[in-house]
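Here is how the chains run, residue by residue.
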Amino acid sequence: MPLPSAAGTAVAAAVAVASAALAAALAVLPGAALAAEAPGSSSFTISDPRIKESSGLAASRIHPGVYWTHNDSDDGPYVYAVDSATGRTVARVTLTGIGKPRDVEAISLGPDGQLYVGDIGDNRNGTWEHVWIYRFPEPKQLGDVTVKAAQFTVRYADGPRNAEALMVHPVTGRVYIASKDENKGGLYEGPAELSADGSNVFRRVADVPWVTDGAFSPDGNRLTLRGYFWARTYPWKNGGPEGEGERVEAPWQGQAESVTYTPDGSTLMFGAEGQGSRVIAVPAGAAPTAGASAAPPAPGGPGPSAAEPTGSFGKGAVVLAVGLVVVFAAKRLLGRRRN
């Protein structure tokens with residue numbers, strides 16, 4: 001039987017609305033899909049049995065999807081490049097021109113294209129008179145190679161301390177170290193330029209919680225710090241973090257030792273010690289507002305729901321779902337009236 005004109009008009013209107021919604025969703029999704037598929041933005045497992053205590057992470061800028069890491073201690077002067085697509089090591093860099101590493105805890109990539117390795121741990125609970133930073137250019141070709149590194153001696157203005165986080169600001173190139181203290185850690189600022197002659201004195205510029213690693217966003221406007229049970233992102237203003245920061249949904253990883261941003265700043269990569277350790281990708285979210293405050297999470301406590309849609313991808317997905325439902329309903333209605 002022919003469809004009544006009024007009903008046909010209503011169904012046609014519903015189909016038109018659904019088509020418009022679907023078109024809007026498809027217009028939003030391509031960019032989000034590309035971002036989700038960007039090299040190095042997905043979780044991966046480090047498969048190299050030599051990497052048993054991955055204690056730092058730095059995303060390569062010239063090798064998409066590659067992350068630099070190193071062991072905590074008792075390994076030697078080695079830095080590894082891991083391909084996140086396979087979890088396999090694609091390069092091992094052997095550093096020469098330095099002393100014997102004591103307790104390597106962090107790695108960061110500076111705006112000068114050089115990797116900074118922080119031999120800044122102090123298993124004697126803050127009794128080393130000095131610690132070291134090693135620096136070498138990021139290799140342009142991946143493969144096992146030996147390079148001569150610069151070595152910088154570091155002292156703290158307020159005395160020795162244990163630390164596990166070293167961050168190089170991606171715009172200024174200034175180096176920062178966060179000490180690890182169960183009472184009140186500190187964020188320390190290095191000189192404008194490191195000197196291989198004499199000592200480089202780092203001065204306390206802010207109080208921070210118990211920190212095991214940290215990373216600046218690629219634009220330098222955010223600083224993310226992590227501990228064993230928490231992670232927070234702070235606005236970076238006037239050479240320091242502002243406010244209480246914003247909670248990040250960091251994964252529970254046991255010996256949680258590392259964090260870095262993907263090169264596009266959209267994702268935080270969280271790593272941990274242990275053979276076959278997992279590096280977990282978490283959306284970075286927008287920069288928090290200076291002065292924003294949130295209650296700190298309970299140890300190991302759950303964060304915001306991972307299923308909550310965020311950003312353009314979440315909105316696009318909702319629009320797409322609604323559009324598909326309306327189209328399906330309209331088709332069923334047309335079918336029934338024609339029978």
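Predicted, not measured: the structure shown is a model, and the values here were computed from it.

Asker: Requested: an account of the confidence of the model for the protein chain, with residues and values cited.
Answerer: Fine structural detail should not be taken from predicted coordinates in areas where pLDDT scores are low. Summing up the model confidence of the protein chain, the mean pLDDT is 80 and the portion of residues at 70 or higher is 73%. Here residues 1–36 is a poorly scored stretch, pLDDT under 50, and it has 33 contacts once near neighbours within four places are set aside; other chains count. pLDDT under 50 marks residues 289–339. Its contacts with residues more than four places away, or in other chains, come to 56 contacts.

Asker: So what about the sheet that holds strand β6 (residues 106–109)? Which residues, and what values?
Answerer: In any sheet, the strands associate via hydrogen bonds between backbone groups, in a parallel or an antiparallel arrangement. Read from one edge of the open sheet, 8 strands run β6-β7-β8-β10-β14-β13-β12-β11, paired in mixed fashion. Two strands close off the open sheet at either side, each with one partner strand: β6 and β11 (163–168). Strand after strand, the sheet turns through a mean of 30° between neighbouring axes, direction not considered.

Asker: A description of the side chain of T212 should follow, citing residues and the corresponding values.
Answerer: Among the secondary structure elements, T212 is positioned in the loop between β14 (199–208) and β15 (213–216). A residue is classified by how much of its surface remains accessible, and T212, at 0% relative accessible area, is buried. Of the polar contacts made by the side chain of T212, one reaches the backbone oxygen of A256; its length is 3.0 Å. In this view, T212 contacts E164, A165, R226, G227, Y228, A256 and E257; residues no more than four positions away in its chain are not counted.

Asker: I'd like a rundown of the nonpolar core, residues and numbers included.
Answerer: By size, the foremost hydrophobic cluster in this structure holds 19 residues, and its most contacted members are W68, V79, L95 and F136. In contact with L95, other than residues within four places in its own chain, are P77, V79, Y134, F136, V147 and A149. Counting residues in each nonpolar core, the second largest holds 16 residues, with V168, V175, Y188 and L194 among its members.

Asker: Describe the sheet that holds strand β21 (residues 267–272), and please don't skip the residues or the numbers.
Answerer: The strand order across the open sheet formed by 4 strands is β1-β22-β21-β20, and the pairing between neighbours is antiparallel. Whereas interior strands pair on both sides, the edge strands pair on one side only; in this sheet they are β1 (44–45) and β20 (256–261). Examined bridge by bridge, β21 and strand β22 (residues 278–283) share 4 bridges and lie antiparallel to one another. Across the sheet, L268 pairs through a bridge with V282, a residue of β22.

Asker: Provide a residue-level description of the packing of aromatic side chains, including the pertinent values.
Answerer: Per the counting criterion, the structure on display carries 7 aromatic pairs. Summarising the aromatic geometry, the rings of Y176 and W236 are spaced 5.1 Å apart at their centres and angled 80° between planes, so their arrangement reads as edge-to-face. Here Y176 is found in strand β12 (residues 175–179), whereas its partner W236 is found in strand β17 (residues 231–237), with 60 residues between them in sequence. By relative accessible area, W236 is classed as buried at 9%. Ring geometry for F229 and W252: centres 5.7 Å apart, planes at 0°, overall stacked. Here F229 is found in the loop between β16 (222–226) and β17, whereas its partner W252 is found in the loop between β19 (246–247) and β20, with 23 residues between them in sequence. When its relative accessible area of 42% is taken as the criterion, F229 is described as partly exposed. Pairwise contacts between aromatic rings join Y176, F216 and W236 into one cluster. Positioned above the aromatic ring of Y78, the side-chain terminus of R92 is 3.9 Å from the ring centre.

Asker: Before we move on, could you go through unusual backbone geometry and cite the residues and values that matter?
Answerer: If you check the backbone angles, N238 has positive phi at about 55° while not being a glycine. The exposure class of N238 is exposed, given its relative accessible area of 82%.

Cut-off values and rules
Residues numbered from 1 in each chain as written. Predicted model: local features only at pLDDT ≥ 70, side-chain atom pairs only at ≥ 80, totals over all residues. Heavy atoms only, no water. pLDDT = per-residue confidence, 0-100. Contact = heavy atoms within 4.5 Å. Pairing = 2+ DSSP bridges. Helix = DSSP H or I, 4+ residues; strand = E, 2+ residues; numbered from the N terminus. Axes fitted to C-alpha atoms, helices over the stretch in contact; angles between N-to-C directions. Buried < 20%, exposed > 50% of the residue type's maximum accessible area, 1.4 Å probe, protein only. Polar contact = N/O pair within 3.5 Å; in protein donor to acceptor, adjacent residues only side chain to side chain. Core = buried A, V, L, I, M, F, W, Y, C linked by side-chain atoms within 4.5 Å. Phe/Tyr/Trp six-rings, centres within 6.5 Å; stacked < 30°, edge-to-face > 60°. Lys NZ or Arg CZ within 6 Å of the ring centre and 35° of its normal.

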